[in-house]
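If you want the building blocks of each chain, they are given just below.
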Amino acid sequence: MASPQQINSLQNSFQRAVNLSGSPGQVSTSPTQSFMSSIPRRMSVSKQTKALKPFSTGDIKILLLENVNQTAVEIFNGQGYQVEYYKASLPEDELIEKIRDVHAIGIRSKTKLSERVLKHAKSLVVIGCFCIGTNQVDLDFAAKMGVAVFNSPFSNSRSVAELVIAEIVTLARQLGDRSIEMHTGTWNKVSNKCWEVRGKTLGIIGYGHIGAQLSVLAEAFGMHVLYYDVVTIMALGTAKQVSTLDELLGKSDFVTCHVPATAETKNLLSAPQFAAMKDGSYVINASRGTVIDIPALVQAIKVGKIAGTALDVYPHEPAKNGAGAFNDDLNDWVSELTSLPNVILTPHIGGSTEEAQSAIGIEVATGLTKYINEGCSVGSVNFPEVSLRGLDLDQENVVRVLYIHHNVPGVLRTVNNILSNHNIEKQFSDSQGDIAYLMADISSVDQSGIKEIYDQLNATEYKISIRLLY
Ligand SMILES: NC(=O)c1ccc[n+]([C@@H]2O[C@H](COP(=O)([O-])OP(=O)(O)OC[C@H]3O[C@@H](n4cnc5c(N)ncnc54)[C@H](O)[C@@H]3O)[C@@H](O)[C@H]2O)c1
Ligand SMILES: O=C(O)CC[C@@H](O)C(=O)O
């Protein structure tokens, strides 16, 4: 972000950088517990350190879409950033216009940051997914552009697990149907095919953050828990890992999916898997819409094999709230599915609680702010994780060099040749795949020295992007 033009106004920037009265100190020292525990020991968070900013904070533009929580807006406002805020996602052409000159974008699950969109983002430094899933972003292309992506890996896990517990009871007691009947004046007091969940078996596919939380809650209800995962994971309570998906399907009364959207999980449950399930069992999906073959599920319900389903996610989801948005034009099986008994449909609200959204807002906004202000990429999902302890308050004429480059032999020799004319206080470098990230603090450097460093690094053939913080 620091261009040679900006370097001309360096003197002012130095003044701003040493002024600690703003909020960067507050933000960088008050992340959530999960964020704190991910910070390497070498980073001092307790000591008062110099706030690094190479820019007037008012120049930083943040685009927030999809009703990102106000906790994030407050953090960004506290930094003095310019925040443009939208409650919904944007159509692709509008998104391309908006993304052109922003430095950071915050999204949730609807906004697709594809290569086609990202290549218009000429000033973009960082992306924040204010959710768990990151499948909506082309992570590799973002990394190739030198753009780090952050998410919130488990702030909404509990909310999803609680929703699924509610759905298990709702399906077992056909509560959705009884409620709809009562809303239309029908009194239908029945017990036929309504069950307690105590003693029944819950099969969890994907025993990660959500699956494991759910396992504990289900056992508290008196359920037996089986789980299937591609990796071996320690069982909580008396849950048991099974070695094949078929074994889980054949033994479970309720099957629930908690896997990421990947090529391997596409249609993970389709006609053969429904056939392998127990007669009268139930299917739940609050992971991603691609994981279940819904037309096959519709057939399995129609023939009575599956006694009910609860779905929170769909292959295509509306871009914004509104009546009539969920229809056959969006997914051509909608009217068939909604006409079936014991089908609970929710609009991707698994993680939509006040607690989860507020925690996610703080966690992701803090990660973005630390990356913008300090270059710290710890917690990024597509980038080498690099950080350095802060600069001491009394240090002046210091510059932090952030150099993102292609991971090829010879780069460090070239970069260190450039930096070796100056006093390198500390430096750290790491790589992930084709991308590498070097962070170095240089002291006793004046304006012309900074310009020289910038110009020389900018001329290297391996450069993807450079930022200088001072
Ligand atoms: N409905 C919602 O609002 C909502 C909220 C949060 C998360 N989610 C979705 O739920 C998914 C799971 O979340 P999480 O936090 O538990 O993720 P996680 O990464 O902690 O756990 C996922 C687990 O799935 C396993 N897995 C991956 N591929 C598999 C396969 N082919 N077969 C079996 N297991 C496989 C992994 O090994 C891992 O243990 C997320 O990817 C996200 O898309 C939805
Ligand atoms: O809030 C959202 O839009 C996504 C919620 C959930 O699917 C996630 O990935 O965390």
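Here the structure is a predicted model, which means the values were calculated and not measured. Sequence order sets the numbering: in each chain, residues are counted from 1 along the sequence as written. Here chains are named by letter from A upward and ligands by number from 1 upward, in the order in which they appear as written. Where totals are concerned, whole chains, interfaces and linings use all residues; where local detail is concerned, this predicted model gives features only for residues with pLDDT of at least 70, and gives and counts side-chain atom pairs only at 80 or more.

Chemist: Quick question: what am I supposed to make of the sheet that holds strand β3 (residues 104–107) here?
Modeler: By way of backbone hydrogen bonds, the strands of a sheet pair with one another, either parallel or antiparallel. Each pair of strands is called paired provided DSSP finds at least two bridges between the two strands. Only DSSP runs of H or I with at least four residues qualify as helices, and only runs of E with at least two residues qualify as strands; both kinds are numbered from the N terminus onward. What the five strands build is an open sheet, ordered β2-β1-β3-β4-β5; its pairing is parallel. Because the sheet does not close on itself, it has two edges, and the strands there are β2 (82–85) and β5 (148–150). Neighbour-to-neighbour, the strand axes of this sheet turn through a mean angle of 15 degrees, independent of strand direction. What counts as an axis is a line fitted to C-alpha atoms, over the stretch in contact for a helix, and the angles between N-to-C directions run from 0 to 180 degrees.

Chemist: Help me understand the site of ligand 2 in this model?
Modeler: All residues are tested the same way: a C-beta atom is placed from the backbone, and lying within 6 Å of a molecule or strand makes the residue near it. Near ligand 2 the following residues occur: Arg108, Ser109, Cys131, Ile132, Gly133, Asn156, His348, Gly350 and Gly351. Asp, Glu, Lys and Arg are counted as charged, while Ala, Val, Leu, Ile, Met, Phe, Trp, Tyr, Cys and Pro are counted as nonpolar; the rest, among them Gly, fall into the polar class. Here the shell around ligand 2 is built from residues that sort into two nonpolar, six polar and one charged.

Chemist: How should I be thinking about the UniProt feature "domain: ACT" (unreviewed entry) in the chain in this particular structure?
Modeler: UniProt positions are given in the numbering used here, feature names are shortened, and annotations may be inferred rather than shown by experiment. With numbering matched to this structure, UniProt assigns "domain: ACT" (unreviewed entry) to residues 400–470. Split by type, residues 400–470 is 30% helix and 46% strand. Its first and last C-alpha atoms lie 6 Å apart.

Chemist: What is the right way to look at the nonpolar core in this model?
Modeler: One recurring pattern in soluble globular proteins: nonpolar side chains tend to sit buried together. With 76 residues, the main nonpolar core has Val126, Ile127, Val147 and Val399 as its most contacted residues. Ranked by the residues each element gives to this core, the list is headed by helix α16 (residues 354–374), at nine residues. Shared between two domains, this core holds at least three residues of each, these being domain 1 (61–151 + 357–374) and domain 3 (388–469). Each residue gets a C-beta atom placed from its backbone, and two residues are in contact if those atoms lie within 7 Å. For isoleucine 127, the residues in contact, after removing those within four places along its chain, are Ile105, Leu113, Val137, Ala142, Val147 and Val149. To count as a nonpolar core, a set of buried Ala, Val, Leu, Ile, Met, Phe, Trp, Tyr and Cys residues must be joined through C-beta atoms within 7 Å. We call a residue exposed when 12 or fewer other C-beta atoms sit within 10 Å of its C-beta, buried when the count reaches 20 or more, and partly exposed for counts in between; the C-beta positions come from the backbone. What marks off one domain from the next here is an automatic or database domain assignment.

Chemist: Can you walk me through the environment of lysine 112 in this structure?
Modeler: Among the secondary structure elements, lysine 112 is positioned in the loop between β3 and α7 (115–118). When the 15 C-beta atoms within 10 Å are taken as the criterion, lysine 112 is described as partly exposed. When the C-alpha atoms of lysine 112 and serine 89 are compared, they prove to be 9.1 Å apart, with 23 residues separating the residues in sequence. In this structure, lysine 112 is in contact with Val117 and Gln136, ignoring residues within four places of it in sequence.

Chemist: Sorry if this is basic, but what is going on with the site of ligand 1 here?
Modeler: Close to ligand 1 lie 31 residues; Gly206, Gly208, Ile210, Pro260 and Gly350 are nearest. At the level of secondary structure, the elements contributing two or more residues to the shell around ligand 1 comprise α9 (157–172) and α11 (209–220). Tallying contributions element by element places α11 first for the shell around ligand 1, with three residues. For the shell around ligand 1, the class distribution of residues is 14 nonpolar, 13 polar and four charged.

Chemist: It is not clear to me how the environment of proline 318 should be interpreted in this structure. Could you clarify?
Modeler: Here proline 318 is to be found in the loop between β11 (306–311) and α15 (334–338). Residue contacts for proline 318: discarding those within four places in its chain leaves Ala325, Phe326 and Leu330.

Chemist: Explain unusual backbone geometry to me, please; I cannot follow it from the model alone.
Modeler: Glycine aside, residues mostly have negative phi, and peptide bonds are mostly found in the trans state. Its identity is not glycine, yet asparagine 67 carries a phi of approximately 60 degrees, on the positive side. Along the polypeptide, asparagine 67 turns up in the loop between β1 (61–64) and α5 (70–79). Under the C-beta neighbour-count criterion, asparagine 67 is labelled partly exposed, with 17 such atoms within 10 Å.

Chemist: Looking at this structure, how should I read helix α14 (residues 294–302)?
Modeler: Spacing of three or four residues puts side chains on the same side of an α-helix, whose turn is 3.6 residues. Of all the residues in α14, the buried ones are Ile294, Leu297, Ala300 and Ile301. Looking straight down α14, one finds that the buried residues subtend no more than 110 degrees of arc, so they occupy a single side. As for α14, its buried residues are in contact with α13 (271–276), β10 (281–285), β11 and α15. What the arc measures is the spread of directions leading from the helix axis to the C-beta atoms.

Chemist: Looking at this structure, how should I read the environment of glutamine 299?
Modeler: Turning to its location among the elements, glutamine 299 is positioned in helix α14. The spacing of glutamine 299 and serine 443 is 144 residues in sequence and 69 Å in space, taken between C-alpha atoms.

Chemist: Whenever I open this one, the packing of α9 against α11 confuses me. Can you help?
Modeler: The description of two helices packed together rests on the angle between their axes and the distance between the axes. It is at 8 Å that the axes of α9 and α11 come closest, and there the two elements cross at 45 degrees. For the element pair α9 / α11, the angle class is oblique. The element α9 and its partner α11 pack so that their crossing is right-handed. Where α9 abuts α11, its residues Ser157, Arg158, Val160, Ala161, Val164 and Ile165 lie against His209, Ile210, Gln213, Leu214, Leu217 and Ala218. Each residue belonging to the contact of α9 with α11 can be placed in one class, and the counts come to eight nonpolar, three polar and one charged. These descriptions rest on fixed angle ranges, namely under 35 degrees for roughly parallel, over 145 for roughly antiparallel, 65 to 115 for roughly perpendicular, and the rest for oblique. Crossing handedness: left-handed means the near helix sits turned counterclockwise from the far one by under a right angle, and right-handed means the same turn made clockwise.

Chemist: I would appreciate a short explanation of the packing of α5 against α16 in the present structure.
Modeler: Running from N to C, α5 and α16 point in directions that differ by 30 degrees, and their axes come no closer than 7 Å. Judged by the inter-axis angle, α5 sits roughly parallel to α16. Viewed along their axes, α5 and α16 form a crossing whose handedness is right-handed. Along its contact with α5, which presents Gln70, Thr71, Ala72, Ile75, Phe76 and Gln79, the element α16 presents Ser358, Gly361, Ile362, Val364, Ala365, Thr366 and Thr369.

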